[in-house]
Structure formats: structure tokens, C-alpha cells
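So you can see what is in the structure, the chains are spelled out below.
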2 protein chains.
Amino acid sequence: MSVQKPSIPKGTRDFSPDEMVKRNFIFDTIRRVFQLYGYLPIETPAMENLSTLLGKYGEEGDKLLFRILNSGNFLDGVSKAKPEGGGLRSEDGELRMEDGGQRSEGGGLKAEEEGLMDYRKLLPFIAEKGLRYDLTVPFARFVVQHQNEITFPFKRYQIQPVWRADRPQKGRYREFFQCDVDVIGSDSLLNEVELVQIIGAIFKELGVGFTVKLNNRKILAGIAEVIGEPNRLTDLTISLDKIDKAGFDAVMNELRQKGFTEHAIESLLPFLNFASETHINIILPFLKENLSGSQIGMKGIGEMGMIYAYLNDLSLTDSVEFDISLARGLNYYTGTIIEVKAKDVPIGSICGGGRYDDLTGIFGLKGVSGVGISFGADRIYDVMNELNLFPETIQSTTKVLFINFGEKEEKYCLPVLAKVRRSGIPAEIYPEAAKLKKQLDYANKKNIPYVVLAGEKEMNSGLLTLKDMNTGEQKEVSAEGLIGLVR
Amino acid sequence: MSVQKPSIPKGTRDFSPDEMVKRNFIFDTIRRVFQLYGYLPIETPAMENLSTLLGKYGEEGDKLLFRILNSGNFLDGVSKAKPEGGGLRSEDGELRMEDGGQRSEGGGLKAEEEGLMDYRKLLPFIAEKGLRYDLTVPFARFVVQHQNEITFPFKRYQIQPVWRADRPQKGRYREFFQCDVDVIGSDSLLNEVELVQIIGAIFKELGVGFTVKLNNRKILAGIAEVIGEPNRLTDLTISLDKIDKAGFDAVMNELRQKGFTEHAIESLLPFLNFASETHINIILPFLKENLSGSQIGMKGIGEMGMIYAYLNDLSLTDSVEFDISLARGLNYYTGTIIEVKAKDVPIGSICGGGRYDDLTGIFGLKGVSGVGISFGADRIYDVMNELNLFPETIQSTTKVLFINFGEKEEKYCLPVLAKVRRSGIPAEIYPEAAKLKKQLDYANKKNIPYVVLAGEKEMNSGLLTLKDMNTGEQKEVSAEGLIGLVR
């Protein structure tokens, strides 16, 4: 067998013990808070049928799906199927498109220009499964598939990796973890309030400074209505969303290019002026006045008012900002929109979500409203690492290393080691009688705070010498004394 | 959008909250014990480069790899590459094999007989990544890739899903979890002993009756030597491995068919007779006598003797059996072989592993010995479910449900709810003022043991009515009293 230089696919990562301990600190905190609020865990398979995934994330999203080649002879499906607009035929070891030289209408298919078969026509026949792209669509699929076993309102959380064939870049990976928490089957705005509470509880426990931005899709719809562009909500919100980064003028220019009328853009101006305002007591009166002509807009205002009243009662408004430009691209949101930014670190959102009124409709279950948010564990990790927020205490896991001086000493130590472990203290013995320096190095590199030295003298006295690796201090102790000191 | 009936790929599973709680009980127990023994967690990506995976699991294994189609135009690689023995060329929208009608030598390629291009020749050009098939090969890759950051001996554990395109059947899935624990960079047999301790600790905590079977590849090699077939160790062990299921005669017939001489089979007879013997004190003397002519065989006997001496000191021999027919197909084992069977349930092994002297050699790091075992979480789950071994206490997670009687009552309850959660008790409020029966149903279905009823009377008294859902008993309590009772 030839020797290979090992590597992993670009955009993916290995996690070392040091990283894992920190990551688990984040996951465990998130999980504990989710459960404290009555959410229960589910998991779904890494692979979903492509029919479940395709068309749910827009054209761009479809391209970013990792597709899994059918097992066995993946060309089987090609010969059997007759796809619309020209199938694929194969004879004498050749694979040929049935429409032969005939080019697709509209021309310009890059693949064909290069003299290649259009790979997009092959796709449906050779790959029927894909890796999940997020946890929301699999959750919707889960709810519909298991609707008879589920108690509604269904409060679930899900912490699993997702995969996207994005161009890898700093802080963006092709495999990353999402931590989703959703409640489905309840219209109550109390659910939104609870999600803000959860955000507060998690980031407080992690020690991460944060700001929760809130908006409501209905307010955005109201703005589209009153500026006279009720049917262009998506175009409007995509542009509005950029105001933070691109600024005022760029947004107006983009809207002009999209064909919004000058009148519409002019009517939008007062709203744009309010995009940097964050306090509910200033924004609400303004919106009430300016959206009075839009029923849906007034509904959104009512919802925001109620949510704020709850948050006020719970003393949670300090870290909350109202942001009328907040849209979050995904156009399945229909009510509240939520986004969390880290203070002190210029990084994208570390958590986000919102209410969606008909997510399960595509899978056949209509009229079920849900609301949820997703925590981005990888970004939270980056923030905590940069700000040095991981507690010292989580750095090491093994508490005591028994130094190995040889066969006799080993036999003396093993029952003590077993006792230490039985008391719940992570401990180990160096597996062979290597040089003392090597064993102490091992303890240092693994951040083990205590070592036990037991040689001739200790075997005679029935005691152990315990060395504190930080202070260098040594003490003679019994097994029980050791457990008491180390715990 | 059209409505789809939702489903998941065959051989994969959704996990409901009930199942998750049980599965997490298993994972948490395994993780806690691993850490108690000084093992640290790592994780590797779901996808590995196919060059890392291919050729590591035999020809059968290669076929069971899930391959991920290259992103974008996956046919790009086809046009650029010139594979050995005939490439693929494409012109005018046609895709053609360069060796045209020329059949592969040896003939009989099923795909070509059906008039299809040989899909196996296409594979390397359209898929460069695959889903991991186990955790051992990714671990070996990890060790070599990160050798300069690792402190040896490296004690690591890894709990992640793996994927195999196996034919789905009862108890066998295409996505399943492995829980691997390995130490690499130490020859010491103390590591083997520690793994047996870990097995004992985990199954004791889970309440699963078990038997650990041990053998040593060197003993098998010794047997092959003394029967005069030193170069046919793999053939021999594959047959021996079947003795449990197929019986004595079948094994002898199989060896005959494989071309083992009558002399060899006759010499094997006394060993076959000992295959059902399990006690070290009977087997070791027999082996010492019969393998005295084989150096490697005697080495294996020495290793087994030492391991048993340790296990004896730790009073761990009761659940251990010596099984000279145990081989475990994987031919990278070079020393100790370990397998665990569940008592009381006729299911395959629930844990297994062994020592491998050169796993990292294929990736360029020679002479590093390792030993490890893998726990099959899915099978352990099935055993525990069948024997009803999951503790009652893990069934529910939310402890208290606050009944929602309306806006005023909600406002009264929310601060109490926050206090209950702050004390670490999972609690929730029904999100809307639904009918009482519906809310109580919700509590029952979710196995919530307590509900809080707070209406006019309670708001006047400042107390809460706590109802025990099991006994039906009701009590008036303060917030603090509630926390004390429910905890």
C-alpha cells in the first residue's frame, strides 16, 4: 500500500480535545437552557431525500446542496428514466443525450459550450439523496411525517451539523453545527417572549455580551403597502436588509434599479430615517402614524407592542432593540423576526430566527404556525475564543495522573486508581514505566493538575505522595486523603 | 408548490424525544466513563476524501461507501482527466468512453452487458469525497495529520455517526452511531486491561448483563503456523470465526474447499475442540503445549497470561471468557482481540475491538501501536429496550407545567416560572389559555409530573395550587414551597 499524505476536504474541520472541551461547554449550556424551558430533543438523519430539500432554499441554495451518489450502479437510473425534454440513452458503452446536438432554448448553457453534456440533466437520475442544509426543513418534514405521534404545541430542540457547498472562507465552513429551538402549533406571542428569555439565559451563562434585534414581517409588509408596492415585499426587504452595511444611498439606488417608482422611494424615506432608531417608545408612535393605512402593518405593530409589554414585565428590554430594517433573507418568516449580534466582536449574527405561519404546508400540513431560533455554535465559539471567555476550569479533564515506576508499583497503584475513579474523579496511570520526565511532561501537556508518586517508600508506609503540578508542592496522603484533596 | 408526502431515505431514522432521552442516557454514560479513564474527545468531519477511505475496508467495504457528488459541474473532472486504461471524452453533447467498444478483460461487467458505460470508471472523476464508514480510519488519519500537536500516548474517544450503504434490515441501519475509545502510542498491555475495565464500568452503569470474549491474533497466527499453513492466517480465521454459528463440520468443510490440506485440518482438530472452552486455566496449558513450536504463538500466550493476571488482581475475570475461535474479520488487528456479547438477548456483539500495530502506517506514520474498542450504541439501545432497562427517572424532562388561564393569570405566573427555572428545574407554561382538559392532556402526554393551577383565589392569597399528576393530590404552596416539593 502506498503512503498518502493525509488531509480533509476543504471547508471541513477536525476538532482537537482542547477545542472539543470548549465546544461542549457551549453545546451543554445551550442544551441545558433549552431543557429548562421545556423543549425536548429530536434528531433527524444527515441525509434527506432530495425531494425534501430541493426548492426550499431558493435557486442558490439548491446549488449548495451536497448530493449523494446513488449506491451500486448509479447509472441504472439514467438508462431507465425518460426525463422531460430529452432523456439519456446508452448503447455500446456510450452515454448520449437523446436530444443529440439540439441545444437548449435560451442557449448559453456553459457546460454545453465546453462540449460537455449538461450535468444538470443527469443530476436527478444519479443522486436521490442530499446532506441536510439546515435543521428547519428537516424539522418541518419530521412534524408532518410524525404528526400523529406528536403532542402540540410541540417544543423541540435539535443540535446537529449541517452541510453547505459554500465557498469556504474565514469563519464560514462546509460543515457546521446549528442549535435550533422551535415551538410549532401555537400562535401565542408568549413563545416569542420565551425565545428572547432563552437567548438572554444562554448568553448570560456563556458570558457573551449581546443585543437582540426584533422586527416583524407584517410591519415590513405594511411599509410595502403604504409606499404603494404591496407586491414587492421581498425585493424591498432584501434591499432594506443591506442598510447597515451599504448605507442609505446604496439602498435607494438599488431600489431604483429594481424599478421602484420615485414616489415609492420618496415615501420610504421617513422609514429609512428610522432604521437607525432602536427604542420602541420612539418607533411605535411613528409607525402607528405612518402605517395607519395598512391593516397588516397595524397588526405587526400590535404584536410588537405585546411582546415588548411582556419583556418589560420580565425586565428584559435592556438588551433588546427594535430594528425596522431587519428582514433576514428567508422569506418564510411571516411575523416576528429575531436576530442576535455579539457586542465587542464584529461578526455576523450569532443567533436568529422568527415566526413562520406555514412551514409545514409544503409537506401537506396546513395552518400550523411555528416560531423558532437557531444558535450558530461556530460563531459563538469564535466570539468566546477571541474575548477569552471560556472558564479556566473546563481546560483539563483528567485530574490525577499516577506515575508508573514499574510492575510492583503499578500493582500498588491500580486499586487506588480504581477507588479514585469510583469516587467520580477522572484519573489515569501512565501505561508504562517511562522516564519520570516524560511522564511529567505528559501531565503538563494534558493540563493534569495532580500527579501521584508511589515508590518503595510509599509502598512501605501504605501512603501516596501527591504532587500539585501548579505549585510543585508535595504531600503524603492516604487514598481517602487524595480523593478529598483532588476533588 | 405541490404537496409532497414526506419520507426519509431507507435505512435512516428520525429520533423522537422519547428515543433521544434514552439514547442520551447511553451516550452520557459512555462519555462519562471514557472521561473517568482519562480519554479526551475529538471529532472529525462527516466527509473524508475518498483517498483516505478507499482500500481500507476491503472490496466489499469500498462498495458500501456513500460518495458525495462533486459540487458544481461534476462532469468537469471527467473531461479533464485521462484515467488509466481508457478515459472519457465528450464532444457535441456526448459523453463517450475512450476505449469505445473494447470490453474489459475478464469480461462480465454487468453494467456493460446492459449496454451501459461502466459506472466504476466514472466514479473517481465525479465524486472525490465520501461519508465516513467508521471512526477508526478517520482517527488514524487524524493522528498522522496532527502528530505534532498530539501528546502520546494519545487517549481519545469519539462518538459520532457513520454511514454504510448496507442492505437495510432489522437492527442494521445506514446511519448509526459508534462510540470509539482508543489509545495510540503505547505497547503496554495495561491499556487492554483498562479497556476491559471500561467495558465493565459502562455495562454495569447501564445495567446490561455482558460477557467479554478475549483472544489474541498472535495465538491464531501460532495455530496457522503449527498446522503448517503460516501464510493462510486470514483464510483460517475467517472460517474459525464461524464456528459458533455454523458448527464444527461446516468449518472443516469450508477449509477443505479453500484447499487446506487434510494434514492441516487434522492438526487443527484439537484446537477446534477447545473452541467451546472458555476458562484461561484450562486453555493456557493446552496452548502452551500445542503452540510450543511457534514463537509468535508463544508470544500471544504470554500476552494473554499477563492480561489475565491484571484482570485477576482487579477481580474482573468473572465476566471474561477466553475464546480461541474469536477473530473479528478486520485483519488490521495484530494482538489482543476483544468482543462483548449481551447476556439474555441474542444479538450480535455490542462492543468490539483490539490491538493494531500499524494502523497509521498507510498514512505515513510507522511503528505506532494502538488498541481500542467501539461501542455499538444502536444495539445497546435495542438490548436495553427489550429488557426494559431504562430507568423510569429519565422518561420526562419538564417537571412542572403552569396552566394558562388567561392574561392576568399569565402575568401572575411568569415571575414564579422564572424563579423555578432559575433554581434549575425544567418548567414551562402552556402558551395560551386553552381549555383546561387540553392543557392537562398536554402534561400527561409529555409525562410532566406536576402542574400549577393559579386563578382568582391564588392571585388573592399569593399562593399557587400544585397538583401531583400521578396521585391527583393538590396542595397550596408558595413559590419556594413549590421548588422544594418539585425538585
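Residues numbered from 1 in each chain as written. Chains lettered and ligands numbered in written order. Predicted model: local features only at pLDDT ≥ 70, side-chain atom pairs only at ≥ 80, totals over all residues. Heavy atoms only, no water.

Notes on the overall build of chain A
A tally of helices and strands in chain A yields 20 helices and 18 strands. Scored against the burial criterion, the 487 residues of chain A give a buried share of 59%. The long-range share in chain A, meaning contacts at least 24 apart out of those at least 6 apart in sequence, stands at 66%. Carbon and sulfur atoms make up 48% of the accessible area of chain A, which amounts to about 20500 Å² in all. (Helix = DSSP H or I, 4+ residues; strand = E, 2+ residues; numbered from the N terminus. Buried < 20%, exposed > 50% of the residue type's maximum accessible area, 1.4 Å probe, protein only. Contact = heavy atoms within 4.5 Å. Areas by Shrake-Rupley, 256 points an atom, 1.4 Å probe, with all protein chains shown as cover.)

Thoughts on the relation of the copies chain A and chain B
Each copy superposes on the other: chain A lies on chain B with an RMSD of 0.0 Å after a rotation of 180° and an axial shift of 0.0 Å. Taken together, these values place the two copies in the relation of a two-fold axis. Taking the C-alpha atom as reference, chain A places Ile68(A) closest to the rotation axis, 2.3 Å from it. (Least-squares fit on C-alpha atoms with pLDDT ≥ 70 in both.)

Comments concerning the sheet that holds strand β11 (residues 336-342) of chain B
Residues and elements named next belong to chain B. Reading across from one edge, β1-β7-β8-β13-β12-β11-β9-β10 is the order of the eight strands in this open sheet, with mixed pairing throughout. Where the open sheet ends on each side, the last strands, each with one partner, are β1 (40-41) and β10 (320-322). Direction of pairing for strand β8 (residues 175-184) relative to strand β13 (residues 370-376): antiparallel, over a ladder of seven bridges. Paired with Asp-180 across the two strands is Ser-374, which belongs to β13. Running at roughly 50° to strand β9 (residues 210-216), helix α9 (residues 217-226) makes contact with β9, β10 and β11 of the sheet. (Pairing = 2+ DSSP bridges. Axes fitted to C-alpha atoms, helices over the stretch in contact; angles between N-to-C directions.)

Looking at the nonpolar core
Formed by 272 residues in total, the largest nonpolar core has its most connected members in Phe203(A), Phe375(A), Phe203(B) and Phe375(B). Core analysis: the second largest hydrophobic core is formed by 14 residues, Ala46(A), Met47(B), Ile68(B) and Leu131(B) among them. (Core = buried A, V, L, I, M, F, W, Y, C linked by side-chain atoms within 4.5 Å.)

Notes on the packing of aromatic side chains
Residues and elements named next belong to chain B. Taken as a whole and judged by the stated rule, the model has 28 aromatic pairs over all chains. Look at Phe-25 and Phe-390: their rings are 6.4 Å apart centre to centre, the planes differ by 70°, and that puts the pair in the edge-to-face class. Within this pair, whereas Phe-25 is found in helix α1 (residues 17-36), its partner Phe-390 is found in the loop between α16 (377-386) and β14 (400-402), the two being separated by 365 residues in sequence. Consider the rings of Phe-27 and Phe-177, whose centres lie 5.3 Å apart with planes at 50°: the pair is tilted. Within this pair, whereas Phe-27 is found in helix α1, its partner Phe-177 is found in strand β8, the two being separated by 150 residues in sequence. (Phe/Tyr/Trp six-rings, centres within 6.5 Å; stacked < 30°, edge-to-face > 60°.)

As for unusual backbone geometry
Most peptide bonds take the trans configuration, and most residues that are not glycine carry a negative phi. With omega at -10°, the peptide bond leading from Phe152(A) into Pro153(A) counts as cis. Looking at the secondary structure, you find Pro153(A) in the loop between α7 (136-145) and β7 (154-163). The residue Asp344(A) is not glycine, and still its phi comes out positive at about 75°. Following the sequence through the fold, Asp344(A) ends up in the loop between β11 (336-342) and β12 (349-356). You will see that Asn447(B), though not glycine, has its phi angle at about 60°, which is positive. Tracing the sequence through the fold places Asn447(B) in the loop between α18 (436-445) and β16 (450-453). A relative accessible area of 42% places Asn447(B) in the partly exposed class.

Overview of the confidence of the model for chain A
Residue and element names in this part refer to chain A. For chain A, per-residue confidence averages 88 on the pLDDT scale, and residues scoring 70 or more make up 89% of the total. Averaged over each element, pLDDT in chain A is lowest for helix α5 (residues 110-113) (39) and highest for strand β2 (residues 47-49) (98). Note that pLDDT drops below 50 for residues 82-116; the model gives that stretch 72 contacts with residues more than four away or on any other chain. The ipTM value of the predicted complex is 0.89, and its pTM value is 0.89. (pLDDT = per-residue confidence, 0-100.)

A short note on the pairing of strand β17 (residues 464-468) of chain B
All names here are of chain B. Where burial is concerned, most of β17 is hidden: four out of the five residues are buried. Where β16 and β17 come together, four bridges link them in antiparallel fashion. Of the residues in β17, the one forming a bridge with Tyr-450 is Asp-468. Pairing of β17 with strand β18 (residues 474-477) involves four bridges; the strand directions are antiparallel. From the neighbouring strand, Leu-466 faces β18, where its bridge partner is Lys-475. The loop that links β17 with its antiparallel partner β18 comprises five residues; one of these, Gly-472, has a positive phi angle of about 85°.

As for the packing of α9(B) against helix α10 (residues 233-240) of chain B
All names here are of chain B. Between α9 and α10, the shortest axis-to-axis distance is 10 Å and the interhelical angle comes to 110°. Our classification of the angle between α9 and α10 gives roughly perpendicular. Packed against α9, whose contacting residues are Arg-217, Leu-220, Ala-221, Ile-223 and Ala-224, the element α10 presents Leu-233, Thr-234, Leu-236, Thr-237 and Leu-240 at the interface. Considered class by class, the residues forming the contact of α9 with α10 number seven nonpolar, two polar and one charged. (Parallel < 35°, antiparallel > 145°, perpendicular 65-115°, else oblique. Nonpolar A, V, L, I, M, F, W, Y, C, P; charged D, E, K, R; others polar.)

Description of helix α7 (residues 136-145) of chain B
What sets the pattern is the α-helix's 3.6 residues per turn: residues three or four places apart point alike. Residues and elements named next belong to chain B. Within α7, nine of the 10 residues are buried, which leaves the element mostly enclosed by the surrounding structure. If you check which residues of α7 are buried, you get Thr-136, Val-137, Pro-138, Phe-139, Ala-140, Arg-141, Phe-142, Val-143 and Val-144. Turning to α7, the residues buried within the fold contact β2 (47-49), α2 (50-53), β7 (154-163), β8 and β12 (351-356).

Overview of the pattern of salt bridges
When the charged atoms of two side chains with opposite charge come close together, those side chains can pair. Applying the stated rule across the entire model yields 52 salt bridges over all chains. Ionic pairing is found between Asp28(A) and Arg31(A), a salt bridge with its closest N-O pair at 3.0 Å. Here Asp28(A) pairs with Arg31(A), and both are found in helix α1 (residues 17-36), just three residues apart, close to one helical turn. Judged by relative accessible area, which is 38%, Asp28(A) ranks as partly exposed. Between Lys213(B) and Asp323(B) there is a salt bridge, with the nearest N and O atoms lying 3.4 Å from each other. Of this pair, Lys213(B) sits in strand β9 while Asp323(B) sits in the loop between β10 and β11, and the two are 110 residues apart along the sequence. Judged by its relative accessible area of 11%, Lys213(B) is buried. The buried category is assigned to Asp323(B), whose relative accessible area is 5%. One network of salt bridges, with partners in common, ties together Lys155(A), Glu194(A), Arg421(B), Glu428(B) and Lys446(B). (Salt bridge = Lys/Arg side-chain N within 4 Å of Asp/Glu carboxyl O.)

Details of the packing of α10(B) against helix α12 (residues 248-257) of chain B
Residue and element names in this part refer to chain B. The contact between α10 and α12 brings their axes to 9 Å, and the two run at 155°. By the angle between their directions, the pair α10 and α12 is classed as roughly antiparallel. Every pair of crossing elements has a handedness; the one defined by α10 and α12 is right-handed. Two secondary-structure elements touch here, α10 through Asp-235, Leu-236, Ser-239 and Leu-240 and α12 through Val-251, Glu-254 and Leu-255. Residue composition of the contact of α10 with α12, by class: four nonpolar, one polar and two charged. (Left-handed = near helix turned anticlockwise from the far one by under 90°.)

Concerning the interface of chain A and chain B
Tallying the contact residues gives 114 residues for chain A and 114 residues for chain B. Taken together, chain A and chain B are joined by eight salt bridges. Summed over the shared surface of chain A and chain B, the result is 30 residue pairs in polar contact (both at pLDDT 80 or more). When residues in the side of chain A that touches chain B are grouped by element, the largest group, five residues, is from α1(A). Residues that form the side of chain A that touches chain B fall into these classes: 53 nonpolar, 34 polar and 27 charged. (Polar contact = N/O pair within 3.5 Å; in protein donor to acceptor, adjacent residues only side chain to side chain.)

Looking at the pairing of β12(A)
Residue and element names in this part refer to chain A. Burial analysis of β12 places eight of its eight residues in the buried class, which makes it a mostly covered element. The pairing of β11 with β12 spans five bridges and is antiparallel. In the strand pairing of β12, Ile-338 is matched with Gly-353. Following β11, the chain reverses through six residues before pairing antiparallel with β12; Asp-344 in that reversal takes a positive phi of roughly 75°. The sheet contact formed by β12 and strand β13 (residues 370-376) spans six bridges and is antiparallel. From the neighbouring strand, Gly-353 faces β13, where its bridge partner is Ile-373.

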